[in-house]
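Chain by chain, the residues:
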Amino acid sequence: MTANPRIKLPDIANPGEVIEIKTLITHVMETGNRHDKNGKPIPRDIINAFVVKFEGQQVFRATFGPGISANPYVAFHMRVPGPGVFEFAWTDDHGVTTVATAPLKVA
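The structure presented is a predicted model; accordingly, all values stated were derived computationally and were not measured. (Residues numbered from 1 in each chain as written. Predicted model: local features only at pLDDT ≥ 70, side-chain atom pairs only at ≥ 80, totals over all residues. Heavy atoms only, no water.)

Engineer: So what's going on with the pairing of strand 1 (residues 3-8)? Residues and values would help.
Structural biologist: Buried residues are scarce in strand 1, accounting for 0 of its 6 residues. Across 4 bridges, the pairing between strand 1 and strand 2 (residues 18-26) is antiparallel. Of the residues in strand 2, the one forming a bridge with I7 is T23. (Buried < 20%, exposed > 50% of the residue type's maximum accessible area, 1.4 Å probe, protein only. Helix = DSSP H or I, 4+ residues; strand = E, 2+ residues; numbered from the N terminus. Pairing = 2+ DSSP bridges.)

Engineer: Could you give an account of the pattern of salt bridges, with specific residues and numbers?
Structural biologist: By the definition in use, this model includes 3 salt bridges. Linking R34 and E30 is a salt bridge whose minimum nitrogen-to-oxygen distance equals 2.8 Å. When its relative accessible area of 49% is taken as the criterion, R34 is described as partly exposed. Between R44 and D93 there is a salt bridge whose closest N-O contact spans 2.8 Å. With a gap of 49 residues between them, R44 in the loop between strand 2 and strand 3 (47-54) and D93 in the loop between strand 6 (84-92) and strand 7 (97-104) connect regions that are remote in the sequence. Owing to a relative accessible area of 37%, R44 belongs among the partly exposed residues under this scheme. Judged by relative accessible area, D93 falls into the partly exposed class, the value being 29%. (Salt bridge = Lys/Arg side-chain N within 4 Å of Asp/Glu carboxyl O.)

Engineer: Any chance you could break down the packing of aromatic side chains for me, citing the residues and the numbers?
Structural biologist: The final tally for this structure, using the stated rule, is 6 aromatic pairs. Pairwise contacts between aromatic rings join F50, F54, F60, F76, F86, F88 and W90 into one cluster. (Phe/Tyr/Trp six-rings, centres within 6.5 Å; stacked < 30°, edge-to-face > 60°.)

Engineer: Tell me about the nonpolar core, and please be specific about residues and values.
Structural biologist: In this structure, I19, I21, F50, F86, F88, W90 and L104 are the most contacted members of the largest nonpolar core, which totals 23 residues. Of all the secondary structure elements, the ones that give two or more residues to this core are strand 2, strand 3, strand 5 (73-79), strand 6 and strand 7. Take this core: its biggest share by element is 4 residues, from strand 3. (Core = buried A, V, L, I, M, F, W, Y, C linked by side-chain atoms within 4.5 Å.)

Structural data, given as structure tokens:
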């Protein structure tokens, strides 16, 4: 499905501070609307769900459709509750889930 999810967090954050979290994952995001050189439809293959948890609590969720470009980039903001670990999960049409984690360091 995917390769090398990239996650960008601040090097260090303060409790109560609003931070930006950036993610990028490699995926073809085939819409299912195109045809190959022989005229056969190329099956749909997209990431349809993206869920982010911080210390087990869901903090962000997105549902994608076929209009999303290849290699989806997602950025969002959240208020820092304290130190902890993020878990990022991307799920595609085949039910394959790619999971990555990243610690958040708090001053």
